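Analysis of the macromolecular model
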Amino acid sequence: MELDPGHTPLIHGLPDEIALICLARVPRRYHNILRHVSKRWRALLCSEEWHLCRKRNNLDESWIYVICREAGIKCYVLAPDPSSRCFRIMHIIEPPCSGRKGVTIEAIDKRLFLLGGCNCVHDATDEVYCYDASSNRWSAAAPMPTARCYFVSASLNEKLYVTGGYGLTDKSPNSWDIYDPATDSWCAHKNPMLTPDIVKFVALDEELVTIHRAAWNRMYFAGIYDPLDRTWRGTENEIALCCSSPTVVVDGTLYMLEQSMGTKLMRWQKDTKEWAMLGRLSDKVTRPPCALVAIGRKIHVIGRGLSIVTVDVDTAARVDGFLVTTSIGPLVEEDLTPERCMVITI
């Protein structure tokens, strides 16, 4: 068969199907080098075909993105090191809005989103910035319908949900804004709940668990928002104990890191509607305040200085008392406090 004279092969002398399989086997830490080889390679690494090929052949790799706020916002990218079986810092990402406060960070698929925020000079903003891990580039996304700072957010079913915060107008004090990355567009609608005072979102079982703080008695209670029909209903308030603790979902089960009196890993029991202690973590390895993130069946507890304690959920379930863990000392000399952790798999 004659080739299209205008066609440039990925690798000279190989069909593109074979070249794709070869390139997909290159470890992720070298992808930034691949992007600089040619325009075709750069476009390939941003394509869905590339990601499907790596996933289909079990070649995709999960990296952890840790958001810290010390002198501005910085994102530390951590990757497993096969040689040492530890994590190491791949690079540091500084967003365009690094000087703002009250910014909310979420992740969808291969992208990070930084939304809203304010500073001592400017009021709340509606700006949204997106970092694409495939292309290693920042871009501006569609602005929010409502300017916000210090608000709550969640990602569920490839969409972003935001509500509350400061900087709201009288016309939209209880509004909900929903972002669809596929169309780069927002949809705003009125708050469907009985109360607007949401302090935390938890995405669980294809729904959003909403944690509220009652203004009259400062007690916490919970509800469930169904995104399909946009309705809200009350639920057991025991789950609201995670209001100020980091949480993570592993295979549909919600885990909480309790840090008030020692460090304990708690698991939400759906059948009994209560929290049960999975085990304690040694104070010698954790450096609170910590954030949680999960890769597969392993929960990574990331503390100050980017110290990491790893808990295997399956092993922890068979051992009482202190959890069996592996730990890594601080990865940076600065006493950084992690605020948010997310995983992007490519």
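The text that follows walks through the structure, step by step, so that each part is easy to find. (Residues numbered from 1 in each chain as written. Predicted model: local features only at pLDDT ≥ 70, side-chain atom pairs only at ≥ 80, totals over all residues. Heavy atoms only, no water.)

This part is about the pairing of strand 14 (residues 220-226). Buried residues dominate strand 14, accounting for six of its seven residues. One ladder, built from six bridges, connects strand 13 (residues 207-213) with strand 14; its direction is antiparallel. Looking at the pairing, Arg213 lines up with Tyr220 of strand 14. Relative to strand 15 (residues 231-234), strand 14 is paired through four bridges, and the arrangement is antiparallel. By the bridge assignment, Gly223 is partnered in strand 15 with Gly234. The loop that links strand 14 with its antiparallel partner strand 15 comprises four residues; one of these, Arg230, has a positive phi angle of about 55°. (Buried < 20%, exposed > 50% of the residue type's maximum accessible area, 1.4 Å probe, protein only. Helix = DSSP H or I, 4+ residues; strand = E, 2+ residues; numbered from the N terminus. Pairing = 2+ DSSP bridges.)

This next bit is on unusual backbone geometry. In this structure, Pro289 follows Pro288 across a cis peptide bond, with omega equal to 0°. Looking at where Pro289 falls in the secondary structure, it is placed in the loop between strand 19 (274-281) and strand 20 (291-295). In this structure, Asn58 is a non-glycine residue whose phi angle is positive, near 55°. Within the fold, Asn58 resides in the loop between helix 4 (48-56) and strand 1 (62-70). Unlike most non-glycine residues, Arg230 shows phi in positive territory, near 55°. Judged by its relative accessible area of 37%, Arg230 is partly exposed.

Using the criterion set out here, one finds 15 salt bridges in the structure. In this structure, the salt-bridge partner of Glu207 is Arg233, at a minimum N-O distance of 3.3 Å. Of this pair, Glu207 sits in strand 13 while Arg233 is found in strand 15, placing the two residues 26 residues apart along the sequence. A relative accessible area of 16% places Glu207 in the buried class. Given a relative accessible area of 41%, Arg233 falls into the partly exposed group. Of the charged contacts, one joins Arg297 and Asp314 as a salt bridge, the two residues approaching to 2.7 Å between their closest N and O atoms. Of this pair, Arg297 sits in the loop between strand 20 and strand 21 (298-303) while Asp314 sits in helix 5 (residues 313-316), placing them 17 residues apart in sequence. Residue classification places Arg297 among the partly exposed residues on the basis of a relative accessible area of 32%. When salt bridges that share partners are traced, they join Glu48, Asp109 and Lys110 into one network. (Salt bridge = Lys/Arg side-chain N within 4 Å of Asp/Glu carboxyl O.)

Here we take up the sheet that holds strand 15. The antiparallel open sheet is built from four strands, whose spatial order is 12-13-14-15. Among the strands making up the open sheet, the edge pair consists of strand 12 (198-204) and strand 15. The sheet shows a mean angle of 30° between the axes of neighbouring strands, direction not considered. As judged from the six bridges shared by strand 12 and strand 13, these two strands associate in the antiparallel manner. Across the sheet, residue Val202 finds its bridge partner in strand 13, namely Val209. (Axes fitted to C-alpha atoms, helices over the stretch in contact; angles between N-to-C directions.)

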